Amino acid sequence: MILSFHPCFDAGIQIVLGDRPVDSDIGESIRKADAIVLPQACSQNLYEVCLASPAKVFPNYDARLRYPGKIGQSRLFRELGLPHPKTWSWESVEQFRDAHPDLNRIPYKTPFLIKEDRRHEAEGIFLVENTTGLKETLEDLALRERSGMKGFVIQQYVPCGGDVLRAVIIGKRIVTYWKRPNEPGQKITTISRGAVIDTEWRPDLQKKAIAQTRVLMEKTGINLAAIDFVFPMGDKEPDPLFLEINYYFGRRGLGGTDAYYRLLYEAIQDWLAEIEMDPEGVKLL
């Protein structure tokens, strides 16, 4: 029996959990399932309950839970030996200020990036170019901490001309596209801020990023996520550096929401066939 917790995929049993806890009836459905399809916004509790059952589970969120947030991802890149910009993790603004009481003498070469630990899709990213910018960023972070949003990383800024390559993992498929600046001199490029999507530029670098993405997939089992890469474009033969992993990601670069769900549906069908279950046991609503 196939159990789907995803609101867009029907199966033998479909449960749209929302904010509800996993009660005894839902627990019984999980125990009876042979395969479980989870939503993208899957809670840690639901994932752990499903993992404890005999069922096969899609997507694989082991790395997401073991290495949470930007702090966790920097540890993942380091432990797995994956190339990435130099990154330093801080649990709070107070911890950073205790270590660096004189902000004029910090050991980080400007410009550098500060990224909030638990933000997604380029939200909570600050480009720090001088001491004034650092002070203002720390003040912003301190305000966020009052609502419980603690933790940030400092990351080396890699001169890339504002070009960021995204590799989206959907099952065993990898879809790549560039997020390119829409204004000259733009250093932080995001689709939400008008980045230009380009699927054709620098196919040689896209191939390099795909190869590194496959290494990540083999080492972690990740099968649904968007990986951002940056290239030091001043190098003669630039190689990709892992910037971050987004488990919640936009879909415009994939052709929109409908196109994304078709790709995800195909990935779920392929996964079901791989575990020797009927791919037609799940329907796209």
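No experiment lies behind these values; they were computed from the predicted model shown.

S.K.: Residue-level account of the overall build of the protein chain, with values.
M.R.: Across its full length, the protein chain holds eight helices and 15 strands. Scaling as 2.2 N^0.38, a compact globule of 285 residues should have a C-alpha radius of gyration of about 19 Å, and the protein chain matches this with 20 Å. Across its three principal axes, the protein chain shows a C-alpha extent of roughly 60 × 45 × 30 Å. Put simply, the protein chain has 285 residues, and 50% of those count as buried. For the protein chain, restricting intrachain contacts to residue pairs at least 6 apart in sequence, the fraction spanning at least 24 positions comes to 59%. Carbon together with sulfur atoms contributes 48% to the accessible area of the protein chain, which is approximately 13900 Å² in total. Taken as two groups, the 37 positive and 40 negative side-chain charges of the protein chain have centres that lie 4 Å from each other.

S.K.: Just give me the short version of the sheet that holds strand β4 (residues 35-37), but keep the residues and values in it.
M.R.: Across the sheet, which stays open at both edges, the four strands sit in the order β3-β1-β4-β5 with parallel pairing between neighbours. Either end of the sheet is taken by a strand with one partner, and the two such strands are β3 (13-14) and β5 (56-58). Judged from the three bridges that link them, β4 and β5 form a sheet pairing that is parallel. Bridged to V37 within β5 is F58. Contacts between helix α8 (residues 257-274) and the sheet are confined to β1 (2-4), β4 and β5, with β5 contributing the most and set at about 165° to the helix.

S.K.: Which residues make up the sheet that holds strand β10 (residues 164-170), and what are the values?
M.R.: Here five strands make up an open sheet; going across it, the order is β12-β11-β10-β13-β14 and the pairing antiparallel. What marks the edges here is a single partner per strand, and that holds for β12 (196-198) and β14 (241-246). Neighbouring strand axes in the sheet, compared pairwise and without regard to direction, differ in orientation by 30° on average. The pairing of β10 with strand β13 (residues 224-230) spans six bridges and is antiparallel. Bridge assignment links A167 to a residue of β13, and that residue is I227. Lying on the sheet, helix α7 (residues 203-220) is in contact with β10, β11 (173-180), β13 and β14; it crosses β11 at an angle near 130°.

S.K.: Break down α8 for me, citing the residues and quoting the values.
M.R.: Relative to the 26 Å expected for 18 residues at 1.5 Å per residue, α8 spans 26 Å between its end C-alpha atoms, a close match to the ideal helical length. When α8 is considered as a whole, its buried residues turn out to be A259, Y260, Y261, L263, L264, Y265, A267, I268, Q269, W271 and L272. Immediately downstream of α8, the backbone of E276 shows phi near 65°, a positive value.

S.K.: Describe empty space enclosed by the protein, with residues and values.
M.R.: In the structure shown here, the tally under the stated rule is three cavities of 30 Å³ or more. Reported here for the second largest cavity is a volume of approximately 70 Å³. What lines the second largest cavity is simply K70, Q73, S74, F77, T87, K115, V153, Q155, L243 and E244. For the lining of the second largest cavity, the secondary-structure elements that each account for two or more residues are α4 (69-80), β9 (152-156) and β14. The biggest single contributor to the lining of the second largest cavity is α4, with four residues. Here the lining of the second largest cavity is composed, by residue class, of three nonpolar, four polar and three charged.

S.K.: Provide a residue-level description of the nonpolar core, including the pertinent values.
M.R.: With 62 residues, the main nonpolar core has F5, I36, L38, I170 and L264 as its most contacted residues. No other element matches α8, which puts nine residues into this core. Ignoring anything within four residues of it in the chain, the contact list for L38 reads F5, H6, L46, Y47, C50, V57, F58 and P59. Counting 15 residues, the second largest nonpolar core, distinct from the first, contains F96, Y108, V128 and L138.

S.K.: A description of helix α6 (residues 131-145) should follow, citing residues and the corresponding values.
M.R.: Look at α6: 21 Å from first C-alpha to last across 15 residues, which is about the 21 Å you get at 1.5 Å a residue. Those residues of α6 not exposed but buried are G133, L134, T137, L138, L141 and E145. Taken around the axis of α6, the buried residues stretch over an arc of 130°, which confines them to a single face.

S.K.: Would you mind going over the pairing of β13 in detail, with residue names and values included?
M.R.: Extensive coverage of β13 is indicated by the burial of seven of its seven residues. Across the two faces of β13 the burial is the same, with L224, A226, D228 and V230 and A225, I227 and F229 all buried. The sheet contact formed by β13 and β14 spans five bridges and is antiparallel. Looking at the pairing, D228 lines up with E244 of β14.

Calculation rules
- Residues numbered from 1 in each chain as written.
- Predicted model: local features only at pLDDT ≥ 70, side-chain atom pairs only at ≥ 80, totals over all residues.
- Heavy atoms only, no water.
- Helix = DSSP H or I, 4+ residues; strand = E, 2+ residues; numbered from the N terminus.
- Rg over C-alpha atoms; globule rule 2.2 N^0.38 Å.
- Buried < 20%, exposed > 50% of the residue type's maximum accessible area, 1.4 Å probe, protein only.
- Contact = heavy atoms within 4.5 Å.
- Areas by Shrake-Rupley, 256 points an atom, 1.4 Å probe, with all protein chains shown as cover.
- Lys, Arg positive; Asp, Glu negative; His and termini not counted.
- Charge placed at Lys NZ, Arg CZ, Asp CG, Glu CD.
- Pairing = 2+ DSSP bridges.
- Axes fitted to C-alpha atoms, helices over the stretch in contact; angles between N-to-C directions.
- Expected span 1.5 Å × (residues − 1).
- 1 Å grid on protein atoms, 1.4 Å probe; cavity = no way out; pocket = protein on both sides within 12 Å on 5 of 7 lines; lining within 4 Å.
- Points joined across faces, edges and corners; volume = space filled by probe spheres on them.
- Nonpolar A, V, L, I, M, F, W, Y, C, P; charged D, E, K, R; others polar.
- Core = buried A, V, L, I, M, F, W, Y, C linked by side-chain atoms within 4.5 Å.
- Arc of directions from axis to C-beta.

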